[in-house]
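Remarks on the overall topology
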Amino acid sequence: MAVANEGRHVAESGFVERVRHLANAANPAFAAGCFLVPLAFLAASLGLANTELLFYTHVAAGAVWFGFALIFPALIGPTLGGLDEEASAAVNTVLIPKAVFFLVGVSLTTVLSGTVLLTPEIGLGYGFGGAWSGLALGLGWGLFAFGLAVPHRLQLSAYYETLSSSPDASKLESIEQKNLVVGLFEGAVMLALIALMTGFRLG
């Protein structure tokens, strides 16, 4: 009952308190590391003025972001849906806070490093410019914003519902179905973005 009351309280609280709760649930060191580790590579790239390291950081972070964003609705979500309520709740309360911090950290690193790569004025541009690279950059930031606004909110809705005193199985199933649709949409945009980047990378 205490956990349920805490879940309801956090769900109804302000942004800062929700973030603090999620960081504690994920482990504060892990939550901080999700941002500090990938962003350290970006900072090192800028500090050393090393375009190759910056490009590596962008590709590596993007691969992790895209891969995890596809695996979550395609594999992890359906697997959790096949578990009994108690087991699913136990996994959700541990997995979702970690997943949110992890994905925000790598996706933020991806779009920031991509922005530096495609902004020649910064001095580390990778030699691309024009409408196509601008479109790729816009899609990347759009995908980042979409991730914050939709899939992360769905995952957190499932998390808070799991913490409630009497989780609604039908609501959790509905969230899972929405996650699948959102995941398919994200996957299509990600593949289009990869094709776009590959196209102007290879000329």
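To be clear, the structure that these remarks concern was listed above.
Just so we're clear, the structure is a prediction, and the values are computed from it rather than from any experiment.

1. Remarks on the nonpolar core
Among the nonpolar cores identified, the biggest contains 17 residues, and Leu 22, Ile 96, Val 100, Phe 101, Leu 156, Tyr 159 and Tyr 160 are the most heavily contacted of them. For this core, the secondary-structure elements that each account for two or more residues are helix 2 (15-26), helix 3 (28-48), helix 5 (85-117), helix 7 (151-163) and helix 8 (169-202). Top contributing element to this core by residue count: helix 7, with six residues. In terms of nonpolar packing, the next biggest core, distinct from the first, is built from 14 residues, Ala 69, Leu 103, Ala 136 and Leu 193 among them.

2. Observations concerning empty space enclosed by the protein
Any empty space left between atoms is shown by rolling a water-sized probe over those atoms. Considering all chains together, one arrives at one cavity of 30 Å³ or more under this definition. The wall of the largest cavity is formed by 17 residues, among which Ala 69, Leu 103, Pro 151, Gln 155 and Glu 186 lie closest to the centre. Residue assignment for the lining of the largest cavity shows that the elements contributing at least two residues are helix 4 (51-81), helix 5, helix 6 (131-149), helix 7 and helix 8. Tallied by class, residues from the lining of the largest cavity come to ten nonpolar, six polar and one charged.

3. Focus on the packing of helix 3 against helix 5
Where helix 3 contacts helix 5, the two axes come as close as 8 Å, and the packing angle between them is 15 degrees. Between helix 3 and helix 5, the crossing angle belongs to the class labelled roughly parallel. Note on packing geometry: the crossing formed by helix 3 with helix 5 is right-handed. Residues Phe 30, Ala 31, Cys 34, Phe 35, Pro 38, Leu 39, Leu 42 and Leu 46 of helix 3 form the contact with helix 5, whose own contacting residues are Lys 98, Phe 101, Phe 102, Val 104, Gly 105, Val 106, Leu 108, Thr 109, Leu 112, Ser 113 and Val 116. Considering only residue class, the contact of helix 3 with helix 5 consists of 15 nonpolar, three polar and one charged.

4. Let's talk about a nonpolar patch on the surface
The grouping of Phe 15, Val 16 and Val 19 at the surface amounts to a nonpolar patch, some 290 Å² of accessible area in total. Along the polypeptide, Val 16 turns up in helix 2.

5. A word on unusual backbone geometry
In this structure, Asn 27 is a non-glycine residue whose phi angle is positive, near 95 degrees. Along the chain, Asn 27 turns up in the loop between helix 2 and helix 3. In this structure Asn 27 comes out as partly exposed when scored by relative accessible area, which is 39%. In this structure, Ala 49 is a non-glycine residue whose phi angle is positive, near 55 degrees. Positionally, Ala 49 belongs in the loop between helix 3 and helix 4.

6. Comments concerning the side chain of Ser 107
Locating Ser 107 in the fold gives a position in helix 5. Residue classification places Ser 107 among the buried positions, given a relative accessible area of 4%. Here Leu 103 takes part through its backbone oxygen, which lies 2.7 Å from a polar atom of the side chain of Ser 107. Look past the residues within four positions of Ser 107 in its chain and what remains in contact with it is Trp 65 and Phe 144.

7. Observations concerning the packing of aromatic side chains
Going through the model one piece at a time under the given rule, you end up with six aromatic pairs. When the centroid spacing of 6.4 Å and the interplanar angle of 85 degrees are considered together, the rings of Phe 35 and Phe 101 count as edge-to-face. One end of the pair, Phe 35, is in helix 3; the other, Phe 101, is in helix 5, with 66 residues separating them in the sequence. Ring geometry for Trp 65 against Phe 66: centres 5.2 Å apart, planes inclined by 65 degrees, an arrangement best described as edge-to-face. The same class applies to Trp 65 as to Phe 66, namely buried. The residue whose ring lies beneath Lys 98 is Phe 30, and the NZ or CZ to ring-centre distance is 4.5 Å.

8. Focus: the side chain of Asn 179
Tracing the backbone through its elements, the reader meets Asn 179 in helix 8. In this structure Asn 179 comes out as buried when scored by relative accessible area, which is 14%. The contacts of Asn 179, once residues within four sequence positions are left out, are Pro 73, Pro 151, Leu 154 and Gln 155.

9. Some words on the environment of Gly 138
Counting through the fold element by element, Gly 138 comes out in helix 6. Overall, Gly 138 belongs to the partly exposed group, its relative accessible area being 43%. For the pair formed by Gly 138 and Thr 115, sequence separation is 23 residues and the distance between their alpha carbons is 9.4 Å.

Calculation notes
Residues numbered from 1 in each chain as written. Predicted model: local features only at pLDDT ≥ 70, side-chain atom pairs only at ≥ 80, totals over all residues. Heavy atoms only, no water. Core = buried A, V, L, I, M, F, W, Y, C linked by side-chain atoms within 4.5 Å. Buried < 20%, exposed > 50% of the residue type's maximum accessible area, 1.4 Å probe, protein only. Helix = DSSP H or I, 4+ residues; strand = E, 2+ residues; numbered from the N terminus. 1 Å grid on protein atoms, 1.4 Å probe; cavity = no way out; pocket = protein on both sides within 12 Å on 5 of 7 lines; lining within 4 Å. Points joined across faces, edges and corners; volume = space filled by probe spheres on them. Nonpolar A, V, L, I, M, F, W, Y, C, P; charged D, E, K, R; others polar. Axes fitted to C-alpha atoms, helices over the stretch in contact; angles between N-to-C directions. Parallel < 35°, antiparallel > 145°, perpendicular 65-115°, else oblique. Left-handed = near helix turned anticlockwise from the far one by under 90°. Contact = heavy atoms within 4.5 Å. Patch = residues over 30% accessible without salt bridge, like charges linked within 9 Å, V, L, I, M, F, W, Y side chains within 5 Å. Areas by Shrake-Rupley, 256 points an atom, 1.4 Å probe, with all protein chains shown as cover. Salt bridge = Lys/Arg side-chain N within 4 Å of Asp/Glu carboxyl O. Polar contact = N/O pair within 3.5 Å; in protein donor to acceptor, adjacent residues only side chain to side chain. Phe/Tyr/Trp six-rings, centres within 6.5 Å; stacked < 30°, edge-to-face > 60°. Lys NZ or Arg CZ within 6 Å of the ring centre and 35° of its normal.

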